Amino acid sequence: MKTIEALAPDQASLSSASKLTKRSNWPRLEKNEQLALIWGECQGSGSNPYRVVVDTGDHGYKCTCPSRKFPCKHTLALMWIAATTPASFTAAGSTPEWVNDWLGRRRKTTSQPAAPATGAAGKSIGEASRDDETAAVEDAAAIERREAAQRKRAQDTRSSVSAALDELDQWISDQLRLGLAGFVDNSSDRCRRIAARLVDMKATALAGRIDEIPSRLMGLRSEERPDAAIRELGKLVLLAKAWRSTPDDAELKRLVSTSESREQVLANPEAIQVESVWEVLGEKIETRRDGLVSHATWLLDLNSASPRFALLLDYFPASAGRRSNAFTPGDRFDARLVFYPARQPLRALVVERKGDVSPREWPDFGFDIADPLPAHVALQDTAPWLTDCPVMLPPGGILLDDRGEAWWQSTDNPHGIALPIADTVNPTLLGLDLAATAALWSGSRLHLLAAQSGFGRLDLS
Amino acid sequence: MNEIEQTGLATMRDCWITGGTSFDLAPAAWKDIAATANPDERERRLLAIAAQALEIALRPAAPKTLKRRPPLPELALPMLPERQRPLLRGALKHAADARAKSRVVALVASRGFVLHPMDWMPAASDQTSPDVYAPWIDWQAGVDGEKHTRREQLTAQNWDDFYPAARRTALADMRRAAPAVARQLIETKGSSEPAEIRLTLIALMHFGLGPDDVPFLKGLSADRSGKVRELAGRLLARLGQLGQPGDSGPEDPIAELAAFITEGKSGFIRRRTTYSPATLKSPAQERRRAELFETCNLVDLAARFGVTEPDFIGAWQFGAHNNVDILVARMVAASGSDAAVTHMADTLVAEGGKPALFVLHLMPRLDSRRQRVLIRLILKDTQYLGALSLAEGVEAGWLDWADLTNGKTLPALRAAVAGNDDVVKRGVDQLLETLGFLATAATAEKLIGDVVAAGMAPAAPSLALLRLNASLAGP
């Protein structure tokens, strides 16, 4: 049920779905346990019932209804019935054609292109080989043309991005000349203008980052904003310099222009793959100024001796309503992840999810009490352009200052480092001893994700 | 970062804030890195170095005045198991108001569990949560306190070591076991407490209230708080003690209230006295009568008519005027003797029908047996099912499946679920929530199956409390 709630785009969909869970709405409900599929037909307002199929393994879904909400109420209702009354589904030996169609389309888009099947029905191996050879000869010229076009496009993009970074450099110099006080006051307009230029010049990812600077500054107290502006702009300088020195670097391209596709990451031999037990620590959902919603889900590797994190990042248009992936904070599952190549790999994709595992405590990471931010320092040493860094904090607690703002402070070293917390905290947290806390450190504030306490695991995101 | 670099960074920062070039202000080591570039590039390089210095070498300075709250106390019952927390959160989310939420909390406590503090916390002013939450209520209230809730016997010596909620709980327990000792404590320590606390302490006297309490309560007639004097008067009235005799003039509230009541006779052979509300001429008079019912005591009113409390209740013509009947019921609940309360409850329950509903106002004064009898009566008849939501102070988790099948409730529920009337469906939702609180786990399980079979969506939010109930098989 938690998964269904998390998947629902909004409360209204959930409510509508609950009304559709009556058995009488579903003339057909079937399942195929081997394929981890459930499907059904839901009688809607149209003359034909809507056809809904859900992959219970990875929560993929498809419905024929015209709704623009994803997943729609029919999909949610089907999942709901499966969760509450699984006996409603009849076991089916074979899958209907429309389910097969969906499965076929799905595989094409989610996995690497399959090798052509040799020995296909009606053909001898020799014929199949000949066809392949002919096709190879026929396609060679086309492939060369395509590759040449790709090279040309890549070169054009590189030139354009290079010019964009020149403009960015000039813009940063202008901000220093005009004064950061004015920049802080007018950051919204100023950042919007340069971001628009960067989009025109194909530095799209960088534009998105610059668009977010004003909101990052506004989240701080006014006396902290000049320092934060120095940090933000200084990191842009470093990123631009790094890109110029290695414009083909995958991480830098991702941060400056565009990200690789899922297929490219999967096909990249340098992409690290880790199979482990992962816990969903928490989420950070932000609506960006460019109209996209970024949905970050942070995972913790429960089999690692030192804290290892993974970030599942998803973008979708804000106009599509609230979406969610299949993860709820606190979920624990066995899965193989592939990390986007980077100096400190964090962003990842789930390659294969093998199923949920039972709850357990976080491992004891053997904390370095003297400095709660070693991971942050390490990350900044290798990739100083990064902003949010996941950290695992040693035993500590949440305290309040005179202004009522919350700070995390180590239990064993109350006179040492304390870190301010970005958001308003639940007052109950002030009475809890936190054995370990997972958080994101932005350089000036902590965004809490989850913690272990005497009262068990706490969801803090 | 050394001191020179720190000073350099500070001056560069000031320069950039107002605008200008900071190269001449930079520490020597930083200058070396930037020196070979053109002026713009120099500034950018210094900016990059400064950014990293701020990011890594400087940390936010922790104020010395950071305040740590005392640890949240552990409660006497175990925490609700993790697997049931989603069900609990569903039930809390569906509970519309604080009263409904407190029912969820009471149900869980009745099964031997407490909630996770991040799922629910009582407010500092909470006085309705189960006693087990007293340490959390005190924790919420004690911002800077160094005291801790104590588990030993409350005495005059350790009175100040107890936080208010823990003290209230301890005193309530003591009133049940040794009322005289508790009274003595309230007498000794209560007088030095502020009026608000004094009021809550005196209110605890209703546990184990007896004739021995009369002298102390009479002594409170000189209390400086009007509310305390009024409460003491009510408690005395429950013990059959008449209030201050009035002069029967126009200023005497009892006489004024009596004037709003018509005394009559009924029966042809055995003439007996009846009391019913007088027909009034204006809404202002109605309001005044309502005020008087809220402030006057039953024993004084009965005495004014020269009868005993049970006689007055027996002679009251319930059913003639709904609003006034409710006022009478509330007056009995507030100031009637135990005998008067049980007499009224037994009489009206025996009569059944609508008059029995007025007993709902007496619920907090009734023993659990009488409470259950009334609820079963309402469930059996089903005509006034909606009134069940008014019941206060009822125990959780005792209603059996037979109580639902032995009457019209279940067929009525099924019919309402299968129908299309939205108003009726809303009533069903409310009733299911009430039954979610009252039912045993087995009954909850069966009821879910029954209404789902009748056509209710299995995931309907109104089943949330029943689902939680069904999952809590017992302590």
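In what follows, the accompanying structure is described. Residue positions are counted from 1 within each chain, in the order its sequence is given. Going through the entries in the order they are written, you letter the chains from A and number the ligands from 1. Selection of residues for local features in this predicted model requires a pLDDT of at least 70, selection of side-chain atom pairs for listing and counting requires 80 or more, and totals for whole chains, interfaces and linings are taken over all residues. The side-chain quantities take in all heavy atoms of the structure and omit both hydrogens and water.

### What to know about the overall build of chain B
Piece 1. Only DSSP runs of H or I reaching four residues or more are called helices, and only runs of E reaching two or more are called strands; each is numbered from the N terminus. Helix and strand content of chain B: 24 helices and two strands.
Piece 2. Radius of gyration means the value over C-alpha atoms here, while the globule rule gives 2.2 Å times the residue count to the 0.38 power. The C-alpha radius of gyration computed for chain B amounts to 33 Å, which surpasses the reference 23 Å derived for 475 residues by more than 25%, pointing to a less compact arrangement than a globule.
Piece 3. For the C-alpha atoms alone, the extent of chain B along its principal axes is close to 125 × 65 × 50 Å.
Piece 4. Remark: exposure states derive from per-residue accessible area (1.4 Å probe, protein chains only) relative to the maximum for the residue type, with buried under 20%, exposed over 50%, and partly exposed in between. For chain B, the residues scored as buried account for 48% of the 475 residues in total.
Piece 5. When contacts within chain B are restricted to residue pairs at least 6 apart in sequence, long-range pairs at least 24 apart make up 61% of them.
Piece 6. Carbon together with sulfur atoms contributes 53% to the accessible area of chain B, which is approximately 22600 Å² in total.
Piece 7. Two residue types count as positive, namely Lys and Arg, and two as negative, namely Asp and Glu; His and chain ends fall outside the count. By convention, the charge on Lys lies at NZ, on Arg at CZ, on Asp at CG and on Glu at CD. Across chain B, the 57 positively charged side chains and the 56 negatively charged ones have centroids separated by 4 Å. We call two residues in contact when some of their heavy atoms are within 4.5 Å. For accessible areas, the Shrake-Rupley method is used with a probe of radius 1.4 Å. Any residue's cover is judged against the shown protein chains and nothing else.

### What about the overall build of chain A?
Piece 1. In terms of regular secondary structure, chain A is built from 12 helices and 17 strands.
Piece 2. Within chain A, the fraction of its 461 residues that count as buried is 49%.

### A word on the pattern of salt bridges
Piece 1. Take a side-chain nitrogen of Lys or Arg and a carboxyl oxygen of Asp or Glu: if they are within 4 Å of each other, that pair is a salt bridge. Counting across every chain of the model gives 56 salt bridges over all chains.
Piece 2. Salt-bridge contacts for arginine 28 of chain A lead to glutamate 30 of chain A; the nearest nitrogen and oxygen are separated by 3.1 Å.
Piece 3. The exposure class of arginine 28 of chain A is partly exposed, given its relative accessible area of 26%.
Piece 4. The partner of aspartate 301 of chain A in a salt bridge is arginine 308 of chain A, with the nearest N and O atoms 3.0 Å apart.
Piece 5. Put simply, Asp166, Asp169, Lys241 and Arg244 of chain A together with Glu41, Arg44 and Arg45 of chain B are held in one network by salt bridges that share partners.

### A word on the packing of helix α17 (residues 338-351) of chain B against helix α19 (residues 368-381) of chain B
Residues and elements named next belong to chain B.
Piece 1. As a packed pair, α17 and α19 sit with axes 11 Å apart at the nearest point and diverge in direction by 25 degrees. It follows from the interaxial angle that α17 and α19 lie roughly parallel. Crossing hand, α17 versus α19: left-handed. Of α19, the residues touching α17 (which contributes Thr342, Ala345, Asp346 and Val349) are Arg370, Val373, Leu374 and Leu377.
Piece 2. Gly counts as polar in this scheme, as do all residues outside two lists: the nonpolar Ala, Val, Leu, Ile, Met, Phe, Trp, Tyr, Cys and Pro, and the charged Asp, Glu, Lys and Arg. Residues of the contact of α17 with α19, tallied by class, amount to five nonpolar, one polar and two charged. Throughout, an axis means a line fitted to C-alpha atoms (over the contacting stretch in the case of helices), and angles, computed between N-to-C directions, take values from 0 to 180 degrees. When an angle is under 35 degrees it counts as roughly parallel; over 145 it counts as roughly antiparallel; between 65 and 115 it counts as roughly perpendicular; any other value is oblique. Take the far helix as your reference; a near helix turned counterclockwise from it by less than a right angle gives a left-handed crossing, and one turned clockwise gives a right-handed crossing.

### Section: the interface of chain A and chain B
Piece 1. Tallying the contact residues gives 67 residues for chain A and 50 residues for chain B.
Piece 2. Two parts lose some accessible area (1.4 Å probe) when they are put together, and adding that loss for both gives the buried area. Between chain A and chain B, roughly 4800 Å² of surface is buried when both sides are summed, and carbon and sulfur atoms account for 62% of that area.
Piece 3. Across the pair lysine 235 of chain A and glutamate 55 of chain B runs a salt bridge whose closest N-O atoms are separated by 3.2 Å.
Piece 4. The term polar contact refers here to a pair of N or O atoms within 3.5 Å; inside protein, the definition further demands a hydrogen-donor-capable atom paired with an acceptor-capable atom, and it admits residues adjacent in sequence only when both atoms are side-chain atoms. The interface formed by chain A and chain B contains 16 residue pairs in polar contact (both at pLDDT 80 or more).

### Some words on the sheet that holds strand β10 (residues 348-356) of chain A
All names here are of chain A.
Piece 1. Here we have five strands laid out as an open sheet, ordered β8-β7-β6-β9-β10, and antiparallel in their pairing. The open sheet has two free edges, formed respectively by β8 (309-317) and β10, since each of these has just one partner strand. Pairwise comparison of adjacent strand axes, ignoring direction, gives a mean angle of 40 degrees for this sheet.
Piece 2. Note: two strands are recorded as paired if DSSP finds a minimum of 2 bridges between them. Relative to β8, strand β7 (residues 292-301) runs antiparallel, the two being bridged by nine bridges. Residue serine 294 lies in a different strand from β8, and its bridge partner there is tyrosine 315.

### Digging into the packing of aromatic side chains
Piece 1. A pair of aromatic rings is counted whenever rings of Phe, Tyr or Trp (Trp by its six-membered ring) have centres within 6.5 Å, and the orientation is called stacked for planes under 30 degrees apart, edge-to-face for over 60 and tilted otherwise. As enumerated under the stated definition, the model contains 11 aromatic pairs over all chains in all.
Piece 2. An aromatic cluster is defined as three or more aromatic residues linked by ring pairs; in this entry it consists of Tyr275, Phe293, Phe305, Phe312 and Trp316 of chain B.
Piece 3. For a ring to carry a charge above it, either NZ of a lysine or CZ of an arginine must fall within 6 Å of the ring centroid while also lying within 35 degrees of the normal to the ring plane. Over the ring of phenylalanine 333 of chain A we find arginine 353 of chain A, and its NZ or CZ is 4.4 Å from the ring centre.
Piece 4. The ring of tryptophan 139 of chain B is capped by arginine 69 of chain B, whose NZ or CZ atom sits 4.0 Å from the centre of that ring.

### Notes on the sheet that holds strand β1 (residues 28-32) of chain A
Residues and elements named next belong to chain A.
Piece 1. Strand order in this open sheet of five strands is β4-β3-β2-β1-β5, and the pairing throughout is mixed. One side of each edge strand has no neighbouring strand; the edge strands of this open sheet are β4 (60-63) and β5 (90-91).
Piece 2. Set on the sheet, helix α3 (residues 73-84) makes contact with β1, β2 (37-42), β3 (50-55) and β4; between it and β3 the angle comes to about 55 degrees.

### Comments concerning helix α5 (residues 98-110) of chain B
All names here are of chain B.
Piece 1. Under the convention used throughout, the expected extent of a helix is 1.5 Å for every residue step, that is, one less than its residue count. An ideal rise of 1.5 Å per residue puts 18 Å on 13 residues; α5 measures up with 18 Å between its terminal C-alpha atoms.
Piece 2. Among the residues of α5, those classed as buried are Ala100, Arg103, Val104, Val105, Leu107, Val108 and Ala109.
Piece 3. The inward-facing, buried residues of α5 abut α4 (85-94), α22 (422-438) and α24 (464-471).
Piece 4. One or two positions beyond α5, positive phi appears at glycine 112, with a value near 90 degrees.

### Focus: helix α11 (residues 226-238) of chain B
Residue and element names in this part refer to chain B.
Piece 1. The end-to-end C-alpha distance of α11, which contains 13 residues, comes to 19 Å, matching closely the 18 Å that a straight helix rising 1.5 Å per residue would cover.
Piece 2. Two to three positions downstream of the cap, the backbone nitrogen of lysine 227 sits 3.3 Å from a side-chain oxygen, assigning the N-cap of α11 to serine 225.
Piece 3. Glycine 240 lies just past α11 and shows a positive phi near 85 degrees.

### Here's the deal with the pairing of strand β15 (residues 434-441) of chain A
Residue and element names in this part refer to chain A.
Piece 1. In terms of burial, β15 is largely enclosed, as seven of its eight residues are buried.
Piece 2. In this sheet, β15 lies alongside strand β11 (residues 389-393) in antiparallel orientation, the contact comprising five bridges. Each bridged residue has a counterpart across the sheet, and for leucine 393 the counterpart in β15 is threonine 437.
Piece 3. Two elements, β15 and strand β16 (residues 446-453), share seven bridges in a ladder whose sense is antiparallel. Along β16, the bridge assignment pairs alanine 438 with alanine 450.
Piece 4. Between β15 and β16, which pair antiparallel and follow one another directly, the connecting turn spans four residues, one of which, glycine 443, has a positive phi of 100 degrees.

### Section: the nonpolar core
Piece 1. The definition of a nonpolar core used throughout is a set of buried Ala, Val, Leu, Ile, Met, Phe, Trp, Tyr and Cys residues joined through side-chain atoms within 4.5 Å. Judged by nonpolar contacts, the single largest core of 193 residues is most densely connected at Leu168, Leu206, Ile398 and Leu446 of chain A together with Phe293 of chain B.
Piece 2. Of all the elements, helix α9 (residues 225-245) of chain A adds the most residues to this core, at 11 residues.
Piece 3. Here phenylalanine 293 of chain B is in contact with Arg234, Leu257, Ile261, Leu301, Trp316, Val324, Leu327, Val328 and Met331 of chain B, once residues within four sequence places are set aside.

### Regarding the environment of cysteine 42 of chain A
Residues and elements named next belong to chain A.
Piece 1. Looking at the secondary structure, you find cysteine 42 in strand β2.
Piece 2. Put simply, cysteine 42 and arginine 28 are 14 residues apart on the chain and 7.5 Å apart in space, counted from C-alpha to C-alpha.
Piece 3. Not counting the four nearest positions on each side in its chain, cysteine 42 is found in contact with Leu20, Asn25, Trp26, Pro49, Tyr50 and His74.

### With respect to the side chain of glutamine 452 of chain A
Piece 1. Mapped onto the fold, glutamine 452 of chain A is located in strand β16.
Piece 2. When near neighbours in sequence (up to four residues on either side) are disregarded, glutamine 452 of chain A contacts Glu361, Trp362, Asp433, Leu434, Ala435, Ala436 and Arg457 of chain A.

### Some remarks on the pairing of β3 of chain A
All names here are of chain A.
Piece 1. Within β3, five of the six residues are buried, leaving the element largely enclosed by the surrounding structure.
Piece 2. Of the strand pairs in this sheet, β2 and β3 are connected by six bridges, and their pairing is antiparallel. Each residue of the ladder has a partner; that of cysteine 42, found in β3, is tyrosine 50.
Piece 3. Pairing analysis gives four bridges linking β3 to β4, with the strands arranged antiparallel. When the sheet's bridge partners are listed, valine 53 is paired in β4 with lysine 62.
Piece 4. Linkage of β3 to β4, two consecutive antiparallel strands, is achieved through a turn of four residues, within which histidine 59 is found at a positive phi near 65 degrees.

Treat this as a map of the structure, not an account of what it does.
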